[in-house]
Amino acid sequence: MPEAPSRPARLGVVVNPTADRGRGRGDGARTLELLRQAGHDVLDLSAPNAPLALENARDAVAGSSTRGPLDALVVVGGDGMVHLGVNAVAGTTIPLGVVAAGTGNDFASALELPVHDVDAAVTLLLESLRARAAGTGGTRLVDAARAEPLDDRLEPRPGRERWFCGVLSAGLDAAVNARANALTWPRGRAKYVRAVASELARFRPYGYRITAELVGAPDAPDAAAVLPAAPAASGPLDPAGTARTAPPDDASHPFVWESPGTVVAVANGPRIGGGVLIAPEASIDDGLLDLVTAGPLTRLGAARVFPGMYRGKHVHHPAVDVHQARSVVLEASDAGGPPPPAFADGERISRLPVRVTVVPGALTVLDPRAYPDRVTAPRHP
């Protein structure tokens, strides 16, 4: 039995019973058992659907429960459950604990937390809670990003803002995400492979207009930089459409890139889709986003690039560019076909336009390990 805490914590727990091919219910029961055995006051906030579970979690974080405010919120499942937890606690002082037990565990991997090992994950949580009670740490601050769906005038649509901690995608990768979510067979990574094949068969480049507050060269870290035009058509590139840059249109959207495109991702963390290394150098605690764009590839060109994304090799392709940014606005344009809806942490966000803004240190995570202070510096001069 786990060691009794010096002061019991009040913990809210949300479980995804369908995580990891239906094994989530057992993982959730084990998590609840271990936390209660350790002497903590545990409130099961799980619900039949995600919106109701999120409502339960937000109420508990706000202290609306008759049992008082939470000391921490714990989610059991994959990236979808982490997304739910982030939307309950981001911007607050309530820490998030993660028991990674889903098909995709990209955020847990970025944090180097145990994956598919409930006992090890809970042991780490208990160490964190003991450290917090003793005043010796137990938490880590990481970044989160806000995704704001916009109207035709690029004004925020009220009540639609969402937080995310991993990657927002709005290209072929998002179309694959949507297709994979709709598939009932196969399961695991094989579902993603099948979705890729299905979407490639119907793919044609999408049209984008991207405005971004980019991080400039090391000697001018706060300067904005112009997104480069997509490479001229050659080899695997689609000859349809050419990219163009435009001068500043206003103070908040200083530079514009308009082009047909294949992949558009705004990354707070490096991975997407259960291990796809979409932004290899992205870091969850550097105060920056990595903007990954791929120009107008043909179906064959895209089929050649996608397998290398599991190891991050796509960033070396001449059609792919990676830049650091603090804020990005993604819009559809007539430079190509209509882009798919944006997805973040594997969850549907909205049709474009969408504004993404990083909020440094917006998320507190339970983790007893010490981390040195990170100095933000451009990685892509």
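Reading the values: rules and limits
- Residues numbered from 1 in each chain as written.
- Predicted model: local features only at pLDDT ≥ 70, side-chain atom pairs only at ≥ 80, totals over all residues.
- Heavy atoms only, no water.
- Helix = DSSP H or I, 4+ residues; strand = E, 2+ residues; numbered from the N terminus.
- Polar contact = N/O pair within 3.5 Å; in protein donor to acceptor, adjacent residues only side chain to side chain.
- Contact = heavy atoms within 4.5 Å.
- Buried < 20%, exposed > 50% of the residue type's maximum accessible area, 1.4 Å probe, protein only.
- Pairing = 2+ DSSP bridges.
- Right-handed = clockwise from strand over helix to strand, strands pointing away.
- Phe/Tyr/Trp six-rings, centres within 6.5 Å; stacked < 30°, edge-to-face > 60°.
- pLDDT = per-residue confidence, 0-100.

Asker: Please explain the side chain of Asn-268 as it appears in this structure.
Answerer: Mapping Asn-268 onto the fold places it in the loop between β11 (263-267) and β12 (289-294). At 2.8 Å, the side chain of Asn-268 and the backbone oxygen of Cys-165 are in polar contact. When sequence neighbours within four positions are dropped, the list of residues in contact with Asn-268 reads Asp-143, Ala-144, Cys-165, Gly-166, Ala-282, Ser-283, Ile-284, Leu-288, Leu-289 and Val-358.

Asker: What's the story with the pairing of strand β4 (residues 96-100) in this structure? I'm lost.
Answerer: Side-chain positions along a regular strand alternate between the two faces of the sheet. Counting buried positions along β4 yields 5 of 5 residues, so the element is predominantly enclosed. Burial along β4 is two-sided: Leu-96, Val-98 and Ala-100 and Gly-97 and Val-99, pointing in opposite directions, are all buried. Across 5 bridges, the pairing between strand β3 (residues 72-77) and β4 is parallel. Across the sheet, residue Val-75 finds its bridge partner in β4, namely Val-98. At this point the chain moves from β3, through helix α4 (residues 79-89), to the parallel β4, and the crossover so formed is right-handed.

Asker: What exactly am I supposed to notice about the packing of aromatic side chains here?
Answerer: Applying the stated criterion across every chain, the model contains 2 aromatic pairs. An angle of 75° between the planes, with centres 5.5 Å apart, marks the rings of Phe-203 and Tyr-206 as edge-to-face. Given the relative accessible area of 4%, Phe-203 is considered buried. The interplanar angle of 80° and the centroid separation of 6.3 Å between the aromatic rings of Tyr-206 and Tyr-208 together place this pair among those described as edge-to-face. Residue Tyr-206 is classed as buried on the basis of its relative accessible area of 9%. Through successive ring pairs, a cluster of aromatic residues spans Phe-203, Tyr-206 and Tyr-208.

Asker: Can you walk me through the side chain of Glu-148 in this structure?
Answerer: Residue position: Glu-148 is located in strand β5 (residues 139-149). Residue classification places Glu-148 among the buried positions, given a relative accessible area of 15%. Not counting the four nearest positions on each side in its chain, Glu-148 is found in contact with Pro-156, Glu-161, Pro-353, Val-354, Arg-355 and Thr-357.

Asker: Would you mind going over the confidence of the model for the protein chain with me for this structure?
Answerer: Close reading of the predicted structure is inappropriate where its pLDDT is low. Of all residues in the protein chain, 82% have pLDDT values of 70 or greater, and the mean over the chain is 86. Low pLDDT (under 50) marks residues 217-226, which in the prediction has 18 contacts with non-local residues, meaning those over four places away or in another chain. Under a pLDDT of 50 for its full length, residues 247-253 has, in the predicted model, 11 contacts with residues more than four places off or in other chains.

Asker: Would you take a moment to explain unusual backbone geometry for this structure?
Answerer: In terms of backbone geometry, most residues other than glycine have negative phi values and most peptide bonds are trans. Cis geometry is found at the peptide bond from Leu-352 to Pro-353, where omega equals 10°. Its place among the elements puts Pro-353 in the loop between β15 (347-350) and β16 (354-366). Unusually for a residue other than glycine, Asp-345 sits at a positive phi of about 55°. Residue placement: Asp-345 occurs in the loop between β14 (342-344) and β15. Assessed through its relative accessible area of 11%, Asp-345 is described here as buried.

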